[in-house]
Amino acid sequence: MLAACAPHRPAAAPVPTAPPTDDPDRLLATLTTRQKVAQLVMPWIGGGYAPFDDAAFAKATGWVDSLEVGGIIVSIGSPHDVAAKLNALQRRARLPLLVASDLESGSAFRLTGGTPFPSNMGVGATGRDRDAWEMGRITALEGRAVGIHLAFAPVADVNSNPANPIINTRSFGEDPRAVARFVAAEVHGLEAHGMPATVKHFPGHGDTETDSHLALPLVGAGWDRLDSLELVPFRAAIAAGVTAVMSAHLAVPRVTGDSARPGTLQPAVLTGLLRDSLGFRGLAVTDALDMGAIVRSVGAGEAVVQAFLAGADLLLQPADPAVAIDAMVAAVESGRVSPARLDASVRKVLALKRRVGLFRARTVPLDSVMTVVGRQEFQAVARDVARRAVVLAEDRQGVVDSLRARRGRRAVLLYGDETQGSAGNALVQELRARGDTVTTFRLFPASGPASYDSARAVLARAPAVVASVAVRASAWRGSIGIPPALVALVDSVARAKPLVLVSLGSPYVRQGMPNVGSYLLAWAANATTEWAAAGALTGAAITGHLPVRIPPDLPLGAGLERPALATPAAVDWRPAAEALDSAIAAGAAPGAVLAVSVAHRRWYHGTGVLGDSLPVAPDSLTRYDLASLTKVVGLTTAVMLGVSEGRLDLAAPVRRYVPAFRGGGRERVTLRQLLLHESGLPAWRPLYKDAATRAAALALVDTTALDTLPGARFTYSDLGAIALTQAVEAAFGTRLDTLLASRVFPALGMTRTGYLPAPDSASPIAPTERDPWRGRMLQGEVHDENAARLDGVSGHAGLFSDAQDLLAFGEWLVDAWWAAGAPPATRGDRAPGAATALPIPPALVREFTAAQDEPAGSSRALGWDTPSAPSSAGTRFSALSFGHTGFTGTSLWVDPTRRLVLVLLSNRVHPTRDNPRWHPVRALVADRVASAVDASGGR
């Protein structure tokens, strides 16, 4: 029998007394010089599980108990392990610890259960800076859930040197203006959701060929080049309100006059450039002070002092925290560092701790971690970003197109370094799940000739090859690339048979392979990016573009677009139908029609009744009051037509077309601002009560006072749509209903769409509300009271239509969207002539349906809306989707990347508008539809 073991109890941790105050100045007065210095020192700990008596954890507790360090940098670990370890240290600390982590490209960079995004360069490949904002938002929420307060992100370096061994895909790209947009967006996303951001590595680490972990890199640029390239993203971050800036351990001799000492130790960089030239007043943070570029330069203790004297506030990861604190205390006592200078930095740190709430709560609840980190909502966002990040840089022999067209046998050659031993596994699993028969062979950096011979034998037996290469920038390595033997193997196989090279990391690995004519980039090796790569190889839309040049011949912006190749006949629509049936049975609306088109192949589902015993027509011919769908189906399309014919200028003031629209700032309102709902007009006023005729109602719109200055704020406004209606009618010289009936709807075959519908037993009209103003049940009469006052014809409401017509409208938009950018090889997928059914250029359709980010943070396109959180499009429609909803219970969403049109029509306002149960139905049904399409292979 085993003897019972008495539990080994750790030595009791010191119980810190609560700080006497959280006011930085009052708290500062209670600290000794050594305690002040310690507040600036942040050593590094691993995030993995450790028992209390683990040597590394014991060392960390010594830093907290004895040295009283001000913070901790935490590295890789599971969310629960990180949170538990940080909680244990926080409970020991006299003052709460500021915890930071390198959360580049999402929390999964350090949290093994976090939401994995593509690398920053992959996010840059989407061309959509809102994706960086979403990455920042999710990173902040997941990081704070485990007890991290400060993100060492985003990377603001411009990767202008393809040979850079340490930045590479950590950068958003090589165009400084594009990088600046993405950096500012991620800063906004982080800071707005409770996590201060740190841009790095100042003044720019993108044009180097040396890893600063090993030696001192040199940037030969002078002020003019720095000003126009490296500093552009840092300026944008500062303008966005970034909390901290991290220095780079590199020499900038044309700025400092010294090629032997890194900028972290140079006042000319951290004070001259950062503080004086760029005007930054926040926290200056060093990069890790145990890196070779620093330690070999001046020694561990002196490096800390010189960095502080150069202008740094926080001293990160010194080689020995005790030595660092001793050196700084000695510098204060000797007069090298003034007490006032020390107090200024400590005051910033204490203020940041108060700002993030550490004096109120320093630990996090462990049982809440699973409710935040890696949640499905976040995973869906990351999948959407990863899908749009995929770039088909070239496909000279059409290998990718042929692989996408049919399932078959493939050999997948997998390569990754020792830290990425599982790279490509998810890619293989996804290819198999989508119908491919896959054999694999894995190579490593240390693989020898025998392994390469075996790989050749495996590849020789397959009709097609996918070569998956995972190479990433990694500290302490000094170079980036793949072995010459692998280059030779891949190039020789490409000469003999169809092969596509897939990069799950650095985009530059293609060099030296002249026979490789098909190159796909997915930017990182994780489950999300490999899912996206598999989708691209099996029929998902491909829309990404290179954010960098790839020598010798792929330019910035290169990228072949491909539409999704869904197979709607195989789609299982039952979950979507069941969700709608359940909602109708629960009273969300009397009845509804769900209609879906995928690549021009349609499916319909009708459920419930019109309002009495008459069932909703199963052939989808029931007409519904579209309410605000009128704004996009009618008004916005009319505006596009006017712009394409030169009748309307979006930059022109409204008064050019509507002279009465002036005074009180209205003369500055443009057509574009009306489309974006940023005109300053209020959302609504009761025109039907305040005016007796259509002319009087329009006059009221033209004289309604603005709530805000034009362009200052988003306010969804029916009045703005009515003003825009007047401009359209003036430009075309006819009323809107006549214009649409003669120029738009016939061209698209929309025979049952229009204003003031006539009764038709073959195409019944769903009733809406028993209207107290008009004293009757409305059926075939516009529900919106203001539209009624406008004789039933307005740009904000009044159209009636059915699901078939609206699918035709959405299909035209999808075709035009792809015609604007799809290469010739994909244009055969369009219905003949569909994109030119209206004389509106496809490029104009893309412009109108793309999110404009005006005003900042708005999800609006021109007239249209795009997905935001929460959205009636649910969580799975791509960020390139666009759509709109109507008050009566209607919605239309288009996801061009899937060639998907979703129409959902109901009369949820029957018999009364006081029915809120319909609102969540739209998102639920949209998610079910997108999931069904994805499961069919149309991902």
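From a predicted model like this one, the values you see are computed outputs, not experimental measurements.

1. Describing the sheet that holds strand E7 (residues 244-247)
Neighbouring strands of a sheet are bound in pairs by backbone hydrogen bonds; such pairs are parallel or else antiparallel.
Piece 1. The three strands lie next to each other as E6-E7-E8, forming an open sheet whose pairing is parallel. On the outer flanks of this sheet lie strand E6 (198-202) and strand E8 (283-285), each paired with one strand and no other. Each neighbouring strand pair of the sheet contributes to a mean axis angle of 25°, computed without reference to strand direction.
Piece 2. Bridge analysis of E6 against E7 gives three bridges, and the strand direction is parallel. The residue of E7 that forms the bridge with Thr198 is Ala244.

2. What to know about the environment of Ser801
Piece 1. For Ser801, the position within the fold is in strand E21 (residues 800-801).
Piece 2. On the basis of relative accessibility, which here comes to 0%, the residue Ser801 falls in the buried class.
Piece 3. Linking Ser801 and Leu629, residues 172 residues apart in sequence, is a C-alpha distance of 9.9 Å.
Piece 4. Residue contacts for Ser801: discarding those within four places in its chain leaves Thr622, Arg623, Tyr624, Leu626, Arg752, Thr753, Leu806 and Leu905.
Piece 5. There is a polar contact of 2.6 Å between the side chain of Ser801 and the side chain of Thr753.

3. Quick word on the packing of aromatic side chains
Piece 1. Enumeration according to the criterion identifies nine aromatic pairs in this entry.
Piece 2. Aromatic side chains Trp573 and Trp603 sit 5.0 Å apart centroid to centroid with 10° between the ring planes, which places their arrangement in the stacked category. Pair noted here: Trp573 is in the loop between helix H22 (527-538) and helix H23 (574-585) and Trp603 is in strand E17 (residues 601-608), with a separation of 30 residues, a long-range link. The burial state of Trp573 is the same as that of Trp603; both residues are buried.
Piece 3. Three or more aromatic residues joined by ring pairs make a cluster, and in this case those are Phe809, Trp812, Trp864 and Phe882.
Piece 4. One residue, Arg375, lies across the ring of Phe378, its end atom 5.3 Å from the ring centre.

4. Some remarks on helix H24 (residues 630-644)
Piece 1. Under the 1.5 Å per step criterion, the end-to-end length of H24 is 20 Å for 15 residues, consistent within 8% with the ideal 21 Å.
Piece 2. Where H24 bends most, the angle comes to about 30°, and this point is Thr636.
Piece 3. Here H24 lies mainly inside the structure; 13 of its 15 residues are buried.
Piece 4. Residue Gly646 follows H24 closely and has a positive phi angle near 75°.

5. Some points on the sheet that holds strand E2 (residues 44-45)
Piece 1. Pairing is parallel in the open sheet, where four strands are placed in the order E2-E3-E4-E5. In the strand order of this sheet, the two ends are held by E2 and strand E5 (150-151), each with one partner.
Piece 2. Across three bridges, the pairing between strand E3 (residues 71-74) and strand E4 (residues 98-101) is parallel. Its bridge partner lying in E4, Gly71 is registered against Leu98.

6. Things to note about the packing of helix H6 (residues 129-145) against helix H17 (residues 376-389)
Axes are the key here: two packed helices are described by the angle between their axes and the distance separating the axes.
Piece 1. Contact pair H6 / H17: the axes reach a minimum separation of 11 Å and the direction vectors enclose 150°. On the basis of the axis angle, H6 is roughly antiparallel to H17. Crossing handedness for the pair H6 and H17: left-handed. Every residue of H17 that contacts H6 at Asp131, Glu134, Arg137, Ile138, Leu141 and Glu142 is listed here: Glu377, Phe378, Val381, Val385 and Arg388.
Piece 2. Tallied by class, residues from the contact of H6 with H17 come to five nonpolar, no polar and six charged.

7. Quick notes on the pairing of E4
Piece 1. Of the two faces of E4, the one carrying Leu98 and Ala100 and the one carrying Val99 and Ser101 are both buried.
Piece 2. One crossover worth recording links E3 to the parallel E4 by way of helix H4 (residues 79-92), and it is right-handed.
Piece 3. Bridge count for E4 against E5 is two bridges, and the pairing is parallel. Of the residues in E5, the one forming a bridge with Ser101 is Ala151.

8. Quick word on the pattern of salt bridges
It is possible for side chains bearing opposite charge to pair when their charged atoms get close.
Piece 1. For the structure on display, the rule yields 57 salt bridges.
Piece 2. If you follow the salt bridges from partner to partner, you end up with Asp102, Glu104, Arg110, Arg170 and Lys200 in one network.

9. Remarks on helix H31 (residues 803-819)
Piece 1. The end-to-end C-alpha distance of H31, which contains 17 residues, comes to 24 Å, matching closely the 24 Å that a straight helix rising 1.5 Å per residue would cover.
Piece 2. Counted residue by residue, H31 has 16 buried out of 17 residues, so it is predominantly covered.
Piece 3. Taking the backbone nitrogen of Gln804 as reference, a side-chain oxygen 3.3 Å away marks Asp802 as the first, capping residue of H31.

10. Thoughts on the environment of Asp65
Piece 1. Tracing the backbone shows Asp65 in helix H3 (residues 55-67).
Piece 2. Separated by 739 residues in sequence, Asp65 and Gln804 have C-alpha atoms that sit 71 Å apart.
Piece 3. Among the polar contacts listed, one links the side chain of Asp65 to the side chain of Arg92, at a separation of 2.6 Å.

Rules used throughout
Residues numbered from 1 in each chain as written. Predicted model: local features only at pLDDT ≥ 70, side-chain atom pairs only at ≥ 80, totals over all residues. Heavy atoms only, no water. Pairing = 2+ DSSP bridges. Helix = DSSP H or I, 4+ residues; strand = E, 2+ residues; numbered from the N terminus. Axes fitted to C-alpha atoms, helices over the stretch in contact; angles between N-to-C directions. Buried < 20%, exposed > 50% of the residue type's maximum accessible area, 1.4 Å probe, protein only. Contact = heavy atoms within 4.5 Å. Polar contact = N/O pair within 3.5 Å; in protein donor to acceptor, adjacent residues only side chain to side chain. Phe/Tyr/Trp six-rings, centres within 6.5 Å; stacked < 30°, edge-to-face > 60°. Lys NZ or Arg CZ within 6 Å of the ring centre and 35° of its normal. Expected span 1.5 Å × (residues − 1). Bend = angle between axes of the 7 residues up to and from the residue. Parallel < 35°, antiparallel > 145°, perpendicular 65-115°, else oblique. Left-handed = near helix turned anticlockwise from the far one by under 90°. Nonpolar A, V, L, I, M, F, W, Y, C, P; charged D, E, K, R; others polar. Right-handed = clockwise from strand over helix to strand, strands pointing away. Salt bridge = Lys/Arg side-chain N within 4 Å of Asp/Glu carboxyl O.

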